[in-house]
Amino acid sequence: FNLMTANLGSAYRQLRDTALAEARSRRVVAERDEVQKDLRSSEQRLQAILDSTTAVVYAKDTQGRYVVINRQFEELFHTSRQQMMGKTDLDLFPKEAAEAFRANDRKVLEAGYPIEFEETVPHDDGIHTYISIKFPLYYADGLPYASCGISPAITERRRAARRLGR
């Protein structure tokens, strides 16, 4: 009788522990799913903000591969987010322009703070000028993982200033 009672007690504890572990596992999965849903929602909100500006917005990892672009980038350079992910400036722009962009990205990553550059970019109708504000993005541990740029066009202002003789 004592042996049977001990075996029943042991079986009960195993069942209880299994049920508790399964309940914890379901909670963890539900919490993970909720976090992923919140993350997707946050990413969608950020992309909507980026897509609403007339500036070209982009981020590249420390190797110069695109990880984020906005709608203005897509429209001006006849590409898509899917096509640009993992690509570098050399995949899209002439070598001289691509190397200049990459050099500016490296300066920002090395400096560790925002820097403003005047950059020229070839378009279908000729060269366009941008004021690019580039800055590093950091992991929580303080290491940079990307350079980000916000580049409003100043081409028309430049042309107007030339017409006025300035």
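Counting restarts for each chain, with residues numbered from 1 along the sequence as it is written. Where totals are concerned, whole chains, interfaces and linings use all residues; where local detail is concerned, this predicted model gives features only for residues with pLDDT of at least 70, and gives and counts side-chain atom pairs only at 80 or more. Working from all heavy atoms in the structure, the side-chain values ignore hydrogens and water.

Enquirer: I tried to follow the pairing of strand 3 (residues 115-123) on my own but got confused; where do I start?
Expert: Each regular strand carries side chains that alternate between the two faces of the sheet. We call a residue buried when its accessible area falls under 20% of the maximum for its residue type, exposed when it is over 50%, and partly exposed in between, using a 1.4 Å probe and counting protein chains only. For the purposes of this entry, the term helix denotes a DSSP run of H or I that reaches at least four residues, the term strand denotes a run of E that reaches at least two, and both are numbered from the N terminus. Residues Ile115, Phe117, Glu119, Val121 and His123 line the buried face of strand 3, whereas the alternating positions Glu116, Glu118, Thr120 and Pro122 sit on a face that is not buried. Note that strand 3 and strand 4 (residues 126-138) share nine bridges and pair antiparallel. Within strand 4, the residue paired with histidine 123 across the bridge is glycine 126. Taking the residues that link successive antiparallel strands as the turn, the strand 3-strand 4 hairpin has two residues. At least two bridges found by DSSP between two strands is the condition for calling them paired.

Enquirer: Sorry if this is basic, but what is going on with helix 4 (residues 95-111) here?
Expert: Since there are 3.6 residues in each turn of an α-helix, residues three or four apart along the chain are aligned in direction. The end-to-end C-alpha distance of helix 4 is 24 Å, a good match for the 24 Å that 17 residues give at a rise of 1.5 Å each. Looking at helix 4, one finds that the buried residues are Ala97, Ala98, Phe101, Arg102, Asn104, Asp105, Val108 and Leu109. Angular distribution of buried residues about the axis of helix 4 spans 160 degrees; they occupy a single face of the element. Opposite the packed face of helix 4, turned more than 90 degrees from it, sit the exposed residues Lys95, Glu96 and Glu110. Turning to helix 4, the residues buried within the fold contact strand 1 (56-61), strand 3, strand 4 and strand 5 (144-151). Positive backbone phi, approximately 85 degrees, marks glycine 112, located one or two places after helix 4. Expected helix span is computed as 1.5 Å times (number of residues minus one). The directions from the helix axis to the C-beta atoms are what the arc is built from. Residues count as neighbours in contact if any of their non-hydrogen atoms are within 4.5 Å of one another.

Enquirer: Looking at this structure, how should I read the side chain of histidine 123?
Expert: The residue histidine 123 is located in strand 3 in this model. Residue class for histidine 123 comes out buried when judged on its relative accessible area of 14%. Counting of polar contacts relies on pairs of N or O atoms within 3.5 Å, with two restrictions inside protein: one atom must be capable of donating a hydrogen and the other of accepting it, and residues adjacent in sequence are counted only when both atoms are side-chain atoms. A distance of 2.8 Å separates the side chain of histidine 123 from the side chain of tyrosine 130, its partner in a polar contact. Setting aside residues up to four positions removed in sequence, histidine 123 forms contacts with Leu76, Phe77, His128 and Tyr130.

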